[in-house]
Amino acid sequence: MSASVLYDAPGPKAVVRNRIYAVVGSLAIVALIAASIMRLADKGHLAPEMWDIFNYSGIRQNIADAVLATLKAFGLAAVGSLVLGVLLAVGRLSDHQPVRWVATTFIELFRSLPLLITIYAIWVGFLTDYSMWALAAGLSVYNGCVQAEVLRAGINSVPKGQSEAAYALGMSKTQVMTSVLMPQAIRSMLPTIISQLVVTLKDTSLGFIILYPELLQTARLIASNTQVNGQYPYVSTIVVIGTIYIAMCLLLSALATWIEKRGRRAKTGIKVAPGVQTAGIPTVEDIPGPGAGGAGGAGPTDGGTAGAGVTKD
């Protein structure tokens, strides 16, 4: 039984009590789920006819188009947020005070605004006829500010000795940022960056407010325009669309895990070139080890001083 400064290992009575709580809580959750399923079944929401609508080619085509539209908006927003995040992170770490103020103000402003308001304002004010670009721009602005803070934290976590050594070698600040700091920051903060990209993917569902035909908007249209047995198939539509969202997020997380593992397996570092022996100067292997010469293992060489390892002129 182990304990730490922040956690005391439970004793025998506490272990039994925790197990009882876990069993009771699990049974309560199962009971709630069973009651919910029975209630939905009594109202006819789980009838086979409610699920048969997804066998129609028109509905399946609408869902496929919605998935494609969602991925398009996400792709634009992902690239835009990462590029904007890098620019804002570099700006916030700039030595020039006006640049630092502008970047900080931009980040704090759009992180404070609700994302829905940002998307709607961009759509109404600038891109009324281009709902996809309005959605992508709103997602890029908000998530770019978040990614900027993530990258800034990663850059600040790099030991200062590395940047100081780079400056000592004569590298400029741009070279230090692009060659030393930013690669390490991205690698160390990659899980957080990917997590924010998953949030970006889910936030594409806010496109319904500007009538962009993404998954949520398509689900709303399918459920409200299709009537089965006098009822609208909201439950079955939510289950199918929710499953698609979960699958896309899991695939994105799996891709991130693969990229992270591949980065860890990558061979990094600088290979040391083999030494070249100069005529008349012995290499390290030629210097006698301990006990090979006199006392202390530093016996004199032929015609040389004791322990010097080089011959006299």
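Our subject is the structure that appears above.
As a starting point, this report considers the structure included with it. It should be emphasised that the depicted structure is a prediction, and the values quoted were computed from it without experimental measurement.

1. Concerning the overall build of the chain
Here's step 1: Assigned secondary structure in the chain consists of 11 helices and 0 strands.
Here's step 2: Mapped in sequence order, the helices and strands of the chain form the string α-α-α-α-α-α-α-α-α-α-α.
Here's step 3: Counting all 313 residues of the chain, 31% fall into the buried class.
Here's step 4: Here the contacts in the chain between residues at least 6 apart in sequence split such that 67% fall between residues at least 24 apart.
Here's step 5: For the chain, the computed accessible surface area is about 20100 Å², with 65% contributed by carbon and sulfur atoms.

2. Things to note about the pattern of salt bridges
Here's step 1: Taken as a whole and assessed by the stated rule, the structure comprises 4 salt bridges.
Here's step 2: Across the pair R92 and E149 runs a salt bridge whose closest N-O atoms are separated by 2.7 Å. Placement of the pair is R92 in helix α3 (residues 57-92) and E149 in helix α6 (residues 131-157), with a sequence separation of 57 residues. E149 matches R92 in its accessibility class, with the two residues each being buried.

3. Notes on the packing of aromatic side chains
Here's step 1: All told, the structure shown has 3 aromatic pairs when counted by the stated rule.
Here's step 2: When the ring of F106 is compared with that of F110, the centres are 4.7 Å apart and the planes differ by 45°; the resulting orientation is tilted. Here the residue F106 and the residue F110 both occupy positions in helix α4 (residues 97-112), the gap between them amounting to 4 residues, near one helical turn.
Here's step 3: On the basis of relative accessible area, F106 is assigned to the partly exposed category, the value being 27%.

4. Some words on a nonpolar patch on the surface
Here's step 1: On the surface, L116, Y120, V124, F208, I209 and L216 cluster together into a nonpolar patch covering about 470 Å² of accessible area.
Here's step 2: Summarising the element assignment, I209 is placed in the loop between α9 (190-203) and α10 (215-225).
Here's step 3: Take I209: its relative accessible area is 31%, and that puts it in the partly exposed class.

5. A look at α4
Here's step 1: With 16 residues, α4 extends 22 Å between its outermost C-alpha atoms, agreeing within 8% with the 22 Å of an ideal straight helix rising 1.5 Å per residue.
Here's step 2: If you check which residues of α4 are buried, you get A103, I107 and F110. One face of α4 carries all of its buried residues, which in axial projection span an arc of 85°. Seen from the open side of α4, the exposed residues pointing more than 90 degrees away from its buried face are P98, W101, T105 and S112.
Here's step 3: Contacts made by the buried residues of α4 are with α3, α5 (115-125) and α6.

Reading the values: the criteria
Residues numbered from 1 in each chain as written. Predicted model: local features only at pLDDT ≥ 70, side-chain atom pairs only at ≥ 80, totals over all residues. Heavy atoms only, no water. Helix = DSSP H or I, 4+ residues; strand = E, 2+ residues; numbered from the N terminus. Buried < 20%, exposed > 50% of the residue type's maximum accessible area, 1.4 Å probe, protein only. Contact = heavy atoms within 4.5 Å. Areas by Shrake-Rupley, 256 points an atom, 1.4 Å probe, with all protein chains shown as cover. Salt bridge = Lys/Arg side-chain N within 4 Å of Asp/Glu carboxyl O. Phe/Tyr/Trp six-rings, centres within 6.5 Å; stacked < 30°, edge-to-face > 60°. Patch = residues over 30% accessible without salt bridge, like charges linked within 9 Å, V, L, I, M, F, W, Y side chains within 5 Å. Expected span 1.5 Å × (residues − 1). Arc of directions from axis to C-beta.

So yeah, pure geometry; function would need other evidence.
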